[in-house]
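The primary structure of each chain is shown beneath.
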Amino acid sequence: MDVYSEISRFYQSYRGEKRVIGKSAEGRDLYALFVGKAGGAVGICQYAMHAREWITAFLALEQIERGVGGGGAWFIPLMNPDGALLSVYGLASVSGARRSFLREINGGADFSLWKANAEAVDLNVNFPARWGTGRRNVTYPAGENYIGAEPLCAPETHALRDFTLAVRPAYTVSYHTKGEEIYWRFHQPPFRALRDKRHVRVLQKSTGYPLKEAPRSAGGYKDWCVEKLKIPAFTVEAGSDALSHPLGKEALPEIVRKNKNAVYDLSKGF
């Protein structure tokens, strides 16, 4: 399934405001599409940062069609296009120069469980938010948890950082799989935790997912938004934990059922 081609077709046909916010390591476009009205509070929602979690890109399209309940939001359906294609198609999806490097790291040709980008950097531990201090972090190229040579060394994370600073969002939502739970804490002080919990309760009610905390993780996009930008930021793990990675399109109807209104509902509170 060429998720990048499907997202590209959607982007080309989209009549609203849109832009390419950067390029992946393999030179693929990173697309962002705007929904709602400018001038009010604006959020950023990003999906498929982990390669094997490409199913969330299709949820993004459903949420774009649903729209927002207040203000506006930028949607980035496929934050890691190289990794998503690597997960589905294997080494045929990357340039020849990378193939031996990736095969050696992966230990074979099956990349279905790969989480990183085409440089073997896990994008969701590459942000400058207590970078390198996570319990599962590793300091060598790997299919998951590699923090990178330095924060924002991956072109995808660098592009998302720059785009986020340009937008100055009121909130962010990151969609991952799986577990049907929502993460919202990252060492914020009590007064901001109270504010953020009020907003995350809206997501909880909309999705039916419980709230969770991961105090020993670090370096994620949500973490950076909470710690550096001091805004509410949430990671939603969609899809039943009873399912196995990678979740395919057969899991999409239930994910959409529980999450289609999530951003619409959340946006009304800003």
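An account of the accompanying structure is given in this report. As the structure is a computational prediction, the values presented were derived from the model and not from experiment.

Our focus in this paragraph is the sheet that holds strand S8 (residues 233-238). With mixed pairing, 8 strands are arranged side by side in an open sheet as S1-S2-S4-S3-S5-S8-S6-S7. Whereas interior strands pair on both sides, the edge strands pair on one side only; in this sheet they are strand S1 (18-23) and strand S7 (211-212). Summarising the sheet, strand S2 (residues 29-36) and strand S4 (residues 72-76) pair through 4 bridges and their orientation is antiparallel. Across the sheet, residue Phe34 finds its bridge partner in S4, namely Trp74. Running over the sheet, helix H5 (residues 155-167) touches S1, S2, strand S3 (42-47) and S4 and is turned about 140 degrees from S1.

A word on the environment of Asn80. With respect to the secondary-structure elements, Asn80 resides in the loop between S4 and helix H3 (81-89). Distance from Asn80 to Ala57, taken between C-alpha atoms, is 10.0 Å for residues 23 residues apart in sequence. Setting aside anything within four residues of it in sequence, one finds Asn80 in contact with Ala48, Met49, His50, Ala51, Lys115, Ala116, Asn117 and Leu123. Here Ala116 takes part through its backbone oxygen, which lies 3.0 Å from a polar atom of the side chain of Asn80.

Attention shifts here to the packing of helix H1 (residues 3-13) against helix H2 (residues 55-66). The description of two packed helices rests on the angle between their axes and on the distance between the axes. Contact geometry for H1 and H2: axes closest at 10 Å, N-to-C directions at 15 degrees. On the basis of the axis angle, H1 is roughly parallel to H2. Here H1 runs over H2; the crossing is left-handed. The segment H1 lies against H2, with Val3, Glu6, Ile7 and Phe10 engaging Ala57, Phe58, Leu61, Ile64 and Glu65.

Per the stated rule, a full pass over the model turns up 17 salt bridges. Residue Asp29 is joined to Lys23 by a salt bridge in which the shortest nitrogen-to-oxygen separation is 2.4 Å. Judged by its relative accessible area of 17%, Asp29 falls in the buried class. In this structure, the salt-bridge partner of Arg28 is Asp82, at a minimum N-O distance of 2.7 Å. A residue pair is termed long-range when its members are at least 10 positions apart, and Arg28 in the loop between S1 and S2 and Asp82 in helix H3 qualify at 54 residues. The same class applies to Arg28 as to Asp82, namely buried.

Looking now at H1. In an α-helix, one turn spans 3.6 residues; hence positions three or four apart end up facing the same way. Buried within H1 are the following residues: Val3, Tyr4, Ile7, Ser8, Phe10 and Tyr11. Projected onto a plane normal to the axis of H1, the buried residues spread over an arc of 160 degrees and lie on a single side. Across from the buried face of H1, at angles greater than 90 degrees, the exposed residues are Arg9, Gln12 and Ser13. On its buried face, H1 is in contact with S1, S2, H2 and H3.

Taken as a whole, the largest pocket encloses approximately 790 Å³ of empty space. Lining the largest pocket are 31 residues; nearest its centre among them are Lys115, Arg136, Ala214, Ser217 and Glu237. Where the lining of the largest pocket is concerned, the elements lending two or more residues are strand S5 (171-177), strand S6 (181-183), helix H7 (221-229) and S8. The greatest single-element share of the lining of the largest pocket, amounting to 3 residues, is contributed by H7. For the lining of the largest pocket, the residue count by class is 5 nonpolar, 12 polar and 14 charged.

Right, let's talk about the nonpolar core for a bit. Across soluble globular proteins, nonpolar side chains show a tendency to be buried alongside one another. Counting 47 residues, the largest nonpolar core has Val3 and Phe75 as its most contacted members. The residues contacting Val3, other than those within four sequence positions of it, are Trp54, Ala57, Phe58, Leu78, Ala84 and Leu85.

Criteria and cut-off values
Residues numbered from 1 in each chain as written. Predicted model: local features only at pLDDT ≥ 70, side-chain atom pairs only at ≥ 80, totals over all residues. Heavy atoms only, no water. Pairing = 2+ DSSP bridges. Helix = DSSP H or I, 4+ residues; strand = E, 2+ residues; numbered from the N terminus. Contact = heavy atoms within 4.5 Å. Axes fitted to C-alpha atoms, helices over the stretch in contact; angles between N-to-C directions. Polar contact = N/O pair within 3.5 Å; in protein donor to acceptor, adjacent residues only side chain to side chain. Parallel < 35°, antiparallel > 145°, perpendicular 65-115°, else oblique. Left-handed = near helix turned anticlockwise from the far one by under 90°. Salt bridge = Lys/Arg side-chain N within 4 Å of Asp/Glu carboxyl O. Buried < 20%, exposed > 50% of the residue type's maximum accessible area, 1.4 Å probe, protein only. Arc of directions from axis to C-beta. 1 Å grid on protein atoms, 1.4 Å probe; cavity = no way out; pocket = protein on both sides within 12 Å on 5 of 7 lines; lining within 4 Å. Points joined across faces, edges and corners; volume = space filled by probe spheres on them. Nonpolar A, V, L, I, M, F, W, Y, C, P; charged D, E, K, R; others polar. Core = buried A, V, L, I, M, F, W, Y, C linked by side-chain atoms within 4.5 Å.

These figures come from the coordinates and say nothing about function on their own.
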